[in-house]
Amino acid sequence: MISFQSVAKVYPDGTAAVQDLSLDIPTGRITVFVGPSGCGKTTSLRMINRMIEPTAGTIEIDGRDTRSIDAPTLRRGIGYVIQNAGLFPHRTVEDNIATVPVLQGKNRREARTAARELLERVGLPVEMGRRYPNQLSGGQQQRVGVARALAADPPVMLMDEPFSAVDPVVREQLQTEFLRLQDELGKTIVFVTHDIDEAVKLGDRIAVFAVGGRLAQFSSPADLLRRPADDFVADFIGRDRGYRALSFSLAGSLPLTDEPMLRLGDPVPSATGPEDRWLLVVDPDGRPRGWLDREETPTGRASATSDLRLGGSLAAPGQSLRTALDAALSSPSGRGVAVDADGIVVGSITIPDVVEAIRAADRTGLDQPVGAASSAPDMKKVPS
Ligand SMILES: Nc1ncnc2c1ncn2[C@@H]1O[C@H](COP(=O)(O)OP(=O)(O)OP(=O)(O)O)[C@@H](O)[C@H]1O
């Protein structure tokens, strides 16, 4: 654990960058510092590896005051990744990654072999190791930056806006791969960003800083979205926070309604009333193919794929209320199609049921740690 205890930083010109900061950063998780420009995120981050010395308070790593460890030793256990990767331009990618291990006394050949393995780990082809940084795209350079920080296998990683300099599509890919990597590595990561969406996607815990280095809130992403501590935090999180918070509530207890189905190619039965205008058509295995509009399809005619309206998104086991709501909203019938792990239809989801589940989640606080969704129970099927 990294523990900030009443930490402050006043720069020599009198700027109070951080004020009385106390927080505990859990081991093996991603903690994000987020906030508007100039609110002390980078200053706080750099105080961890003593690139900046606090003017008051104490920072401990696993119970040891960082002032009691000499700075080079401290930094050996702390990887550091910055925006634009900060690679050495005159060294090959491989040698960039091998820099710290070689400085630590590892022989060059071993360090290069390890560098090639790390390249693969961050999703780059080994051959890229022979290139120079300016022969890589921005996203590739960022991956090399991450590989270089991992080379000494430090338990702690500090990452300062590492993905900000790349376009949104590459950024999204880097974030997803970063989460996958962290699943394998379980490092203690402190990640600085000014982008609340990035914070919510990556953080196990989020520290929201306000201008003047005040810690406005420190909580899980779900709590942050549901219960912002004050107007500043609510404003910073922005719109749609209620909808985004649904991502953190599992659809586990959502009731499923039995959905009448028609096999592709079977004759269309006549409708008994306006309520069964839409009929769900499935393939021979029971996988959804689309919705048939009986107002537009003559009775008795065999259904064909061309008659079908695509059904919007699907809700699968272990997914969130946001997915379930989207499945219902995006379906032409207003009923979201729920499928099992094999993609076979198990029933449908109605908007009122999702709304009821949202209310229940609000009452009981169904916050789930990031990554819990995959181990979540299946949706419970209840007969209509
Ligand atoms: N060396 C310095 N001397 C004086 N003031 C500084 C120094 N470094 C940073 N500051 C000031 O301290 C405050 C916090 O800066 P910091 O870089 O920690 O903020 P930040 O939240 O990381 O900002 P950004 O998102 O823009 O990078 C700012 O007002 C900044 O101008």
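Reading the values: the criteria
- Residues numbered from 1 in each chain as written.
- Predicted model: local features only at pLDDT ≥ 70, side-chain atom pairs only at ≥ 80, totals over all residues.
- Helix = DSSP H or I, 4+ residues; strand = E, 2+ residues; numbered from the N terminus.
- Buried ≥ 20, exposed ≤ 12 C-beta atoms within 10 Å, placed from the backbone.
- Contact = placed C-beta atoms within 7 Å.
- Pairing = 2+ DSSP bridges.
- Right-handed = clockwise from strand over helix to strand, strands pointing away.
- Near = placed C-beta within 6 Å.
- Nonpolar A, V, L, I, M, F, W, Y, C, P; charged D, E, K, R; others polar.
- Axes fitted to C-alpha atoms, helices over the stretch in contact; angles between N-to-C directions.
- pLDDT = per-residue confidence, 0-100.

**What to know about the overall build of the protein chain**
And step 1. In terms of helices and strands, the protein chain carries 12 helices and 17 strands.
And step 2. Its C-alpha atoms give the protein chain principal-axis dimensions of about 80 × 50 × 30 Å.
And step 3. Looking at the protein chain as a whole, 40% of its 384 residues are labelled buried.
And step 4. Sequence-distant contacts in the protein chain: of pairs separated by 6 or more residues, those separated by 24 or more amount to 63%.

**Examining the pairing of strand E7 (residues 156–160)**
And step 1. Burial runs high along E7: four of the five residues are buried.
And step 2. Pairing between strand E6 (residues 78–82) and E7: five bridges, direction parallel. Each residue of the ladder has a partner; that of Ile82, found in E7, is Asp160.
And step 3. Summarising the sheet, E7 and strand E8 (residues 188–193) pair through five bridges and their orientation is parallel. Within the sheet, the bridge partner assigned to Leu158 lies in E8 and is Val190.
And step 4. The parallel pair E7 and E8 is bridged by helix H6 (residues 168–185), and the resulting crossover is right-handed.

**Examining the site of the ligand**
And step 1. In the vicinity of the ligand there are 13 residues, among which Tyr11, Ala17, Ser37, Thr42 and Thr43 approach most closely.
And step 2. Counting residues per element, the shell around the ligand draws most heavily on helix H1 (residues 41–48), at three residues.
And step 3. Classifying every residue of the shell around the ligand by side-chain character gives three nonpolar, eight polar and two charged.

**Structural notes on H1**
And step 1. Within H1, six of the eight residues are buried, which leaves it mostly tucked inside the rest of the structure.
And step 2. Positive phi shows up at Arg50, right after H1, with a value of about 65°.

**Re unusual backbone geometry**
And step 1. Despite not being glycine, Asp20 shows a phi value in the positive range, around 40°.
And step 2. The topology assignment puts Asp20 in strand E2 (residues 16–25).
And step 3. A positive phi angle, near 50°, is found at Asp153, a position not held by glycine.
And step 4. Turning to its location among the elements, Asp153 is positioned in the loop between helix H5 (138–150) and E7.

**Looking at the sheet that holds strand E13 (residues 288–293)**
And step 1. The strand order across the open sheet formed by four strands is E11-E12-E13-E14, and the pairing between neighbours is mixed. Two strands lie at the open edges of the sheet, namely strand E11 (261–263) and strand E14 (308–309), each paired on one side alone.

**Looking at the sheet that holds E8**
And step 1. Reading across the sheet, the six strands line up as E6-E7-E8-E3-E9-E10 and stay open at both edges, with mixed pairing between neighbours. A single partner strand is all that each edge strand has here, and the edge strands are E6 and strand E10 (214–219). The mean inter-strand angle of the sheet, taken between neighbouring strand axes irrespective of direction, is 15°.
And step 2. Taken strand by strand, H1 contacts strand E3 (30–34), E6, E7, E8 and strand E9 (205–210), and its axis lies near 155° from that of E8.

**Notes on the environment of Gln319**
And step 1. Along the polypeptide, Gln319 turns up in the loop between strand E15 (314–315) and helix H11 (321–329).
And step 2. Each C-alpha atom of the pair Gln319 and Leu250 lies 5.9 Å from the other, and the pair is 69 residues apart in sequence.

**Notes on the confidence of the model for the protein chain**
And step 1. Chain-level pLDDT for the protein chain is 84 on average; 91% of the residues reach the 70-or-more range.
And step 2. Listed scores for the predicted complex are pTM 0.75 and ipTM 0.96.

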